[in-house]
Amino acid sequence: MKVVFGIIGAIIVIVLVFVLVFRRPRSATPSVEPSPKVAGLQLSDYASTKAATVLEMDGKIVAEETHRSVRITVSQDSRTLEIIQGYNGNVIKTEKYPNTRASYSVFLEALDLAGFAKSKESTIKLKDGVCPLGNRYSYKVLEGTDTKQDLWSSSCSSKTGTFFGDSGLVRTLFKNQIPEYNKAVQGVGIS
């Protein structure tokens, strides 16, 4: 009986040594996507200020004449849609609608729940050439000339960019601020 326990003990020791010696070393950097961090903004705090939230959707990299961007700016006083031609910020169409503090407050709450202020680290910086065959999205909070938040993502990969919220929901919330949005951007080619 002592011999059986001795053999079992020896096998256990050999297995433990084998596991400790031949285990794979763990990487110093995790292979999982980085966890989000909150950008430090509580959007509802801006409901009674002159701050504005901005979504800019920049289209495919094409010729100057055919390149388009769509910018939607929402504040407590107004909701503005701008269609921009080319790469130099030439606004070719503007639609502006009034807004109310109550409406803006509800909008900001919805953006908070959609993760508008959630960010993540990115080794790629937003440059004009990122995602050349898709769209680039910029998510900003502006207070006068002060930029409180400037995050970005693209349609090419959910892993690039600094924005970590629900980009589809955020875009829908902004588009819903503009009456007949689809008619207004017809032919622009940005989704």
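Residues numbered from 1 in each chain as written. Predicted model: local features only at pLDDT ≥ 70, side-chain atom pairs only at ≥ 80, totals over all residues. Heavy atoms only, no water.

Considerations on the pattern of salt bridges
Should the charged atoms of two oppositely charged side chains come close, the side chains can pair. Rules: Criterion for a salt bridge: a side-chain nitrogen of Lys or Arg within 4 Å of a carboxyl oxygen of Asp or Glu. Type-normalised accessible area, obtained with a 1.4 Å probe on protein chains alone, sets the label of each residue: buried when under 20%, exposed when over 50%, and partly exposed for intermediate values.
In this structure the tally under the stated criterion is eight salt bridges. Between Lys93 and Glu95 there is a salt bridge whose closest N-O contact spans 3.6 Å. Between Glu180 and Lys183 there is a salt bridge, with the nearest N and O atoms lying 3.9 Å from each other. Here Glu180 falls in the exposed class, since its relative accessible area comes to 58%. We classify Lys183 as exposed; its relative accessible area is 59%. Salt bridges linked by common partners bring Glu56, Arg71 and Glu82 together as one network.

Section: the state of the cysteines
The line we're drawing: Only a pair of cysteine sulfur atoms within 2.5 Å counts as a disulfide in this structure description. By definition, any uninterrupted DSSP run of H or I lasting at least four residues is a helix, any uninterrupted run of E lasting at least two residues is a strand, and each is numbered from the N terminus.
For the structure on display, the rule yields one disulfide. Each sulfur of the disulfide joining Cys131 and Cys156 lies 1.9 Å from the other. Taking the torsion about the sulfur-sulfur bond, which here is approximately 85 degrees, the covalent link between Cys131 and Cys156 counts as right-handed. Highlighted residues: Cys131 in the loop between strand 6 (118-119) and strand 7 (136-143) and Cys156 in the loop between strand 8 (146-154) and helix 3 (167-175), separated in sequence by 25 residues. Of the residues examined, Cys131 reaches a relative accessible area of 7% and is grouped as buried.

Let's talk about helix 2 (residues 101-113)
Within an α-helix, residues lying three or four positions from one another point in the same direction, as the helix has 3.6 residues per turn. Operational definition: Helix span is expected to be 1.5 Å times the residue number reduced by one. Within this analysis, the arc is defined by the directions that extend from the helix axis to the C-beta atoms. Two residues form a contact once any of their heavy atoms are found within 4.5 Å.
An ideal rise of 1.5 Å per residue puts 18 Å on 13 residues; helix 2 measures up with 18 Å between its terminal C-alpha atoms. For helix 2, every residue scored as buried is listed here: Tyr104, Phe107, Leu108 and Leu111. Taken around the axis of helix 2, the buried residues stretch over an arc of 100 degrees, which confines them to a single face. When the buried face of helix 2 is taken as reference, the exposed residues oriented beyond 90 degrees from it are Ala102, Val106 and Leu113. Residues of helix 2 that are buried make contact with strand 2 (52-58), strand 3 (68-74) and helix 3. After helix 2 finishes, the residue Gly115 shows a positive phi value of roughly 80 degrees.

Structural notes on the side chain of Ser75
Along the chain, the position of Ser75 falls in the loop between strand 3 and strand 4 (78-85). If sequence neighbours within four positions are ignored, Ser75 has contacts with Ala51, Ala52, Asn99 and Tyr104.

Focus: unusual backbone geometry
Of note in this structure, Cys131 is not a glycine but carries a positive phi near 55 degrees. Here the phi dihedral of Glu180 falls at roughly 50 degrees; this positive angle occurs in a residue that is not glycine. Tracing the backbone shows Glu180 in the loop between helix 3 and helix 4 (181-184).

Examining the sheet that holds strand 8
Counted only if it meets this: Pairing between two strands requires that DSSP report at least two bridges joining them. Helix axes are fitted to C-alpha atoms over the stretch in contact, other axes to C-alpha atoms as well, and angles between N-to-C directions run from 0 to 180 degrees.
Reading across from one edge, 5-4-3-2-7-8 is the order of the six strands in this open sheet, with antiparallel pairing throughout. Two strands close off the open sheet at either side, each with one partner strand: strand 5 (90-98) and strand 8. Each strand axis lies, on average, 15 degrees off the axis of its neighbour in the sheet, ignoring direction. The strands touched by helix 2 are strand 2 and strand 3; relative to strand 2, the strand with the most contacts, the crossing angle is about 60 degrees. The sheet strands contacting helix 3 are strand 2, strand 3, strand 7 and strand 8, and the helix crosses strand 2 at an angle near 110 degrees.

By themselves, these figures tell us nothing about what the structure is for.
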